[in-house]
Amino acid sequence: MTIDGVTRRAFDGRDRLATQGPPVYGEPTHDGWRAWDARRSKLGAMLEKGMETGLDGGETVLYLGAASGTTVSHVADFAGPTYAVEFAARPVRDLIAVAEARENLFPLLKDARKPETYAHVVEPVDVIVQDVATRGQARVACANARFLDAGGRLLLAVKARSENVVADPGEVFEGVLDGLAAEYDVLETARLEPFHDDHLAVVAEKR
Ligand code: SAM
């Protein structure tokens with residue numbers, strides 16, 4: 001993995017992913033670098049697992065399911081303009097505070113199932129990062145494909161239990177991958193254990 005603005009550094013004697021920016025969630029810092037905790041971040045776990053995300057640094061990003069900004073803060077540390085969609089008002093309050101220290105991070109209190117409500121704000125992007133943990137994760141990814149040109153990347157974390165609490169995760173993942181086929185070619189998949197249980201990470205390309 002070589003992403004401009006992402007490195008590996010030792011924090012408390014442990015080799016960790018790190019980005020440069022103001023701290024957000026109590027993560028260890030050193031010399032302006034902040035540890036990126038893969039146990040709190042599906043994208044961090046994808047990088048730890050060596051997935052080919054296609055990220056180089058400097059990309060324009062649409063991040064769906066930003067919550068209070070744990071992962072999207074790291075993304076904004078190495079990316080260009082970063083649009084962060086979250087539909088719950090309480091975490092967005094924290095996200096706004098995170099964005100105050102990052103001029104390229106734009107929080108949007110919006111529902112990712114309704115991209116038409118933010119299409120007037122979000123420019124075409126190079127990458128969509130999605131971690132919405134809600135039912136219909138493939139539908140959300142397909143609805144937002146309009147922001148990508150052909151060849152643009154989707155970096156998706158699918159949470160099995162959000163689709164179906166009782167079904168076998170493997171079957172749930174098959175269903176989500178089938179749903180993505182309407183808009184995307186899947187390039188790589190990986191389970192995110194031991195960082196996150198019953199999550200499938202997907203790297204896909206807009207067709
Ligand atoms: N990506 C975050 C991180 O790593 O820092 C954690 C995201 S959390 C697992 C999932 C988030 O998706 C929640 O904050 C939830 O409110 C949000 N979410 C779920 N459905 C959504 C939707 N339809 N539109 C926008 N946000 C949604």
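Going by the structure above, here's the rest.
All values derive from a computational prediction rather than experimental measurement.

Assigned secondary structure in the chain consists of six helices and eleven strands. In terms of C-alpha radius of gyration, the chain reaches 16 Å, essentially the compact-globule figure of 17 Å for 207 residues. Per-residue burial for the chain yields a buried fraction of 51% across its 207 residues. In the chain, the proportion of contacts linking residues at least 24 apart, taken out of those at least 6 apart, comes to 56%. In the form shown here, the chain has an accessible surface area of approximately 9,400 Å², with 45% of it arising from carbon and sulfur atoms.

On to the side chain of asparagine 144. Along the chain, asparagine 144 falls in the loop between helix H4 (137-143) and strand S9 (148-159). Setting aside residues up to four positions removed in sequence, asparagine 144 forms contacts with Leu62, Leu64, Ala112, Pro115, Tyr118, Ile128 and Tyr184.

A few words on the packing of aromatic side chains. Enumeration according to the criterion identifies three aromatic pairs in this entry. Across from the ring centre of phenylalanine 147, 5.8 Å away, lies the NZ or CZ of arginine 146, which sits over that ring.

The next point concerns the site of the ligand. By nearness alone, 19 residues border the ligand, and Tyr63, Gly65, Thr71, Glu86 and Asp131 come closest of all. Interatomic distance of 2.8 Å between a side-chain N/O atom of aspartate 131 and a nitrogen atom of the ligand. Within the backbone of valine 132, one N or O atom sits 3.1 Å away from an oxygen atom of the ligand. Computed on the free molecule, the ligand has an accessible area of 600 Å², of which 85% lies beneath the protein chains in the complex. Looking at the shell around the ligand residue by residue, the classes come out as eight nonpolar, four polar and seven charged.

Turning next to the sheet that holds strand S3 (residues 29-30). If you trace the four strands from one edge of the open sheet to the other, you get S1-S2-S4-S3, paired in antiparallel fashion. The open sheet has two free edges, formed respectively by strand S1 (6-11) and S3, since each of these has just one partner strand. Direction of pairing for S1 relative to strand S2 (residues 14-20): antiparallel, over a ladder of six bridges. The residue bridging valine 6 from the neighbouring strand is threonine 19, located in S2. Its contacts with the sheet put helix H2 (residues 70-78) on S1, S2 and strand S4 (33-36), and the angle it makes with S4 is roughly 135°.

So, about unusual backbone geometry. Glycine aside, a negative phi is what most residues show, and trans is what most peptide bonds show. Cis geometry marks the peptide bond from glutamate 193 to proline 194, where omega comes out at 5°. With respect to the helices and strands, proline 194 occurs in the loop between strand S10 (184-191) and strand S11 (199-206). With a phi close to 50°, aspartate 12 is a non-glycine residue in the positive phi region. Tracing the backbone through its elements, the reader meets aspartate 12 in the loop between S1 and S2. Look at aspartate 12 and you get exposed, because its relative accessible area is 76%. Here the phi dihedral of aspartate 31 falls at roughly 55°; this positive angle occurs in a residue that is not glycine. Inspection of the secondary structure puts aspartate 31 in the loop between S3 and S4.

Conventions adopted
- Residues numbered from 1 in each chain as written.
- Predicted model: local features only at pLDDT ≥ 70, side-chain atom pairs only at ≥ 80, totals over all residues.
- Heavy atoms only, no water.
- Helix = DSSP H or I, 4+ residues; strand = E, 2+ residues; numbered from the N terminus.
- Rg over C-alpha atoms; globule rule 2.2 N^0.38 Å.
- Buried < 20%, exposed > 50% of the residue type's maximum accessible area, 1.4 Å probe, protein only.
- Contact = heavy atoms within 4.5 Å.
- Areas by Shrake-Rupley, 256 points an atom, 1.4 Å probe, with all protein chains shown as cover.
- Phe/Tyr/Trp six-rings, centres within 6.5 Å; stacked < 30°, edge-to-face > 60°.
- Lys NZ or Arg CZ within 6 Å of the ring centre and 35° of its normal.
- Near = heavy atom within 4 Å.
- Polar contact = N/O pair within 3.5 Å; in protein donor to acceptor, adjacent residues only side chain to side chain.
- Nonpolar A, V, L, I, M, F, W, Y, C, P; charged D, E, K, R; others polar.
- Pairing = 2+ DSSP bridges.
- Axes fitted to C-alpha atoms, helices over the stretch in contact; angles between N-to-C directions.

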